[in-house]
Amino acid sequence: MSESESKPAAPLDGIAVIEIGSSVAGPYAGQVLADLGAIENPNGGDDARHWVPPKWGDSSAVFETLNRNKYSAALDLKSPEGQSKARALIAESDIVIQNMRPGLVDRCGLGAEALRAANPRLIYCNLGAFGSVGPLRKSTGYDPLVQAFSGIMSVTGEAGRPPVRVGPSIIDMGSGLWCIIGILAALARRQQTGEGVTIDTSLFETGIAWMNIPLATSLASGLEGGRSGSETPMLAPYRAYKASDRYIVIAAGNDNLFRRFCEAVGRPEWLADERFKSNALRVANRIPLNALLDDLIANDTEQHWTDKLTAVGVPCAPLQTTAEVVAHPQTVALGMLTSVCGGTMNLVGSPLRFDGIRPQIHRQAPALGADTDRAMDLIAARRRWEDL
């Protein structure tokens, strides 16, 4: 369990969090909360420790980035002793996040009902696969499975090609963010009522939430949205085009931007073309419009088009590699990467700043069970700190 070691002016300073989780979704929620406690299986720990290559030190790069700023207590939750220690930690904590297999925490005596009876102020967040009710409530799930089952893969990629998974783990990480939103709302309510709450969310509910717009357009039209590559179905021109050297995304998503675009690229005659006089017409005629843009953009470099379009305020951006993102002056200016562990690791920081200060990464991911003995001391220290 974690307390801020140097007591910075952090928004959640003094809030004690226990994470009973593994892989990505639960640990990502814990990462965002920053002051956090993690309980691990002593027999190898979190599976994500072993997701290699690549590797940083003794753990995978994935584990290191998702578990910084944490303490690790390795407890055997199948044993009475491990359950007793976990309950002791949780009795003095504010928040529990768990994303274990359906039914496991209840069998271990660590479910919401039992723990909130002992600690009425406890905020308990269940992060499941398919939700706590319904025919799939006992099923397990993973990010790519839910990307498929929620329909995300049906609108991702290109028509006629095999299904494509969105690269980042948007289901896992999005579910973690919904946990955070629920927890922050519950903390605000607890200030008013003095009572905790049980929060439920799931990977599948997150997937459906991300499908908000595709589902709305499908329900309104009665048609399947389908895959449209880098394009946005309701706007044109609004996709990636291949310049002579690399791809550039152009987003001339309204009539004014389309006018500026045509004038900047030397094609004012497109403005008089009846097929392109409004966004609705451009969408209906996106195939001939995109063919014109493909031929045009291929004639020069991405930088040439970026300079021309930026000068007149037409949104555009090159497709960058991860190395280019890291090295870009904007990334550097924002200070989004933090060097830890003597400079051997560079981790992505929080995308938030408070009064201009980004939350610090002050601890690398802990070794398995590194803080098992210390955890009870931290609870005692927190009690003393609260009594001051």
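Scroll up to find the structure this text is about.
Residues numbered from 1 in each chain as written. Predicted model: local features only at pLDDT ≥ 70, side-chain atom pairs only at ≥ 80, totals over all residues. Heavy atoms only, no water.

Asks: What's the story with the nonpolar core in this structure? I'm lost.
Replies: Grouped together as the largest cluster of nonpolar side chains are 26 residues, with contacts concentrated most on Leu-33, Ile-95, Ile-97, Ile-123, Ile-183, Leu-187 and Ile-199. Considering every element that reaches this core, the biggest residue donor is helix α7 (residues 170-193), with six residues. Among all residues touching Ile-199, those that are not within four sequence positions of it are Ile-123, Tyr-124, Cys-125, Asn-126, Gly-182, Ile-183 and Ala-186. The next biggest cluster of nonpolar side chains, apart from the first, holds 21 residues, and it includes Leu-257, Phe-261, Ile-297 and Leu-309. (Core = buried A, V, L, I, M, F, W, Y, C linked by side-chain atoms within 4.5 Å. Buried < 20%, exposed > 50% of the residue type's maximum accessible area, 1.4 Å probe, protein only. Helix = DSSP H or I, 4+ residues; strand = E, 2+ residues; numbered from the N terminus. Contact = heavy atoms within 4.5 Å.)

Asks: Honestly, the sheet that holds strand β10 (residues 247-251) in this entry has me stumped. Any pointers?
Replies: The strands making up a sheet associate through backbone hydrogen bonding, with each pair oriented either parallel or antiparallel. Spatially, three strands are ordered β9-β10-β11 in an open sheet, and the strand pairing comes out antiparallel. The open sheet has two edge strands, β9 (238-242) and β11 (316-318), and neither has a second partner. Pairwise comparison of adjacent strand axes, ignoring direction, gives a mean angle of 20° for this sheet. Judged from the three bridges that link them, β10 and β11 form a sheet pairing that is antiparallel. Across the sheet, the residue bridging to Ile-248 is Pro-318, located in β11. (Pairing = 2+ DSSP bridges. Axes fitted to C-alpha atoms, helices over the stretch in contact; angles between N-to-C directions.)

Asks: Whenever I open this one, the pattern of salt bridges confuses me. Can you help?
Replies: A side chain with one charge can pair with a side chain of the opposite charge if their charged atoms come near. This model, assessed by the stated rule, comprises twelve salt bridges. Here Asp-294 ties to Arg-239 by a salt bridge, and the two come within 3.1 Å at their closest N and O atoms. Here Asp-294, found in helix α13 (residues 286-297), pairs with Arg-239, found in strand β9; they are 55 residues apart in sequence, far enough to count as distant. Via salt bridges that share partners, Arg-246, Glu-302 and Glu-324 belong to a single interconnected network. (Salt bridge = Lys/Arg side-chain N within 4 Å of Asp/Glu carboxyl O.)

Asks: When you look at the packing of aromatic side chains in this model, what are you seeing that I'm missing?
Replies: Any aromatic ring pair is given by two values, namely how distant the centres are and how the planes are angled relative to each other. What the rule picks out here adds up to four aromatic pairs. On the basis of an interplanar angle of 50° and a centroid distance of 5.8 Å, the ring pair of Phe-130 and Phe-204 is categorised as tilted. Placement of the pair is Phe-130 in the loop between β7 (123-128) and α6 (143-149) and Phe-204 in helix α8 (residues 203-210), with a sequence separation of 74 residues. Both residues of the pair, Phe-130 and Phe-204, count as buried. Geometrically, the ring pair formed by Phe-149 and Phe-204 is tilted, given 5.2 Å between the ring centres and 55° between the ring planes. Within this pair, whereas Phe-149 is found in helix α6, its partner Phe-204 is found in helix α8, the two being separated by 55 residues in sequence. Among the residues examined, Phe-149 registers a relative accessible area of 49% and is labelled partly exposed. Its guanidinium or amino end placed over the ring of Tyr-247, Lys-242 lies 5.9 Å from that ring's centre, counting from NZ or CZ. (Phe/Tyr/Trp six-rings, centres within 6.5 Å; stacked < 30°, edge-to-face > 60°. Lys NZ or Arg CZ within 6 Å of the ring centre and 35° of its normal.)

Asks: Looking at this structure, I do not really get the pairing of β7. What am I missing?
Replies: Consecutive side chains of a regular strand alternate in pointing toward one face of the sheet and then the other. Of all six residues in β7, five are buried; the element is thus mostly enclosed. As paired strands, strand β6 (residues 95-98) and β7 are joined by four bridges and run parallel to one another. Counted as the bridge partner of Ile-97 is Cys-125 from β7. Looking at chain direction, β7 and strand β8 (residues 197-202) are connected through six bridges and run parallel. Counterpart to Ile-123 in the pairing with β8 is Val-197.

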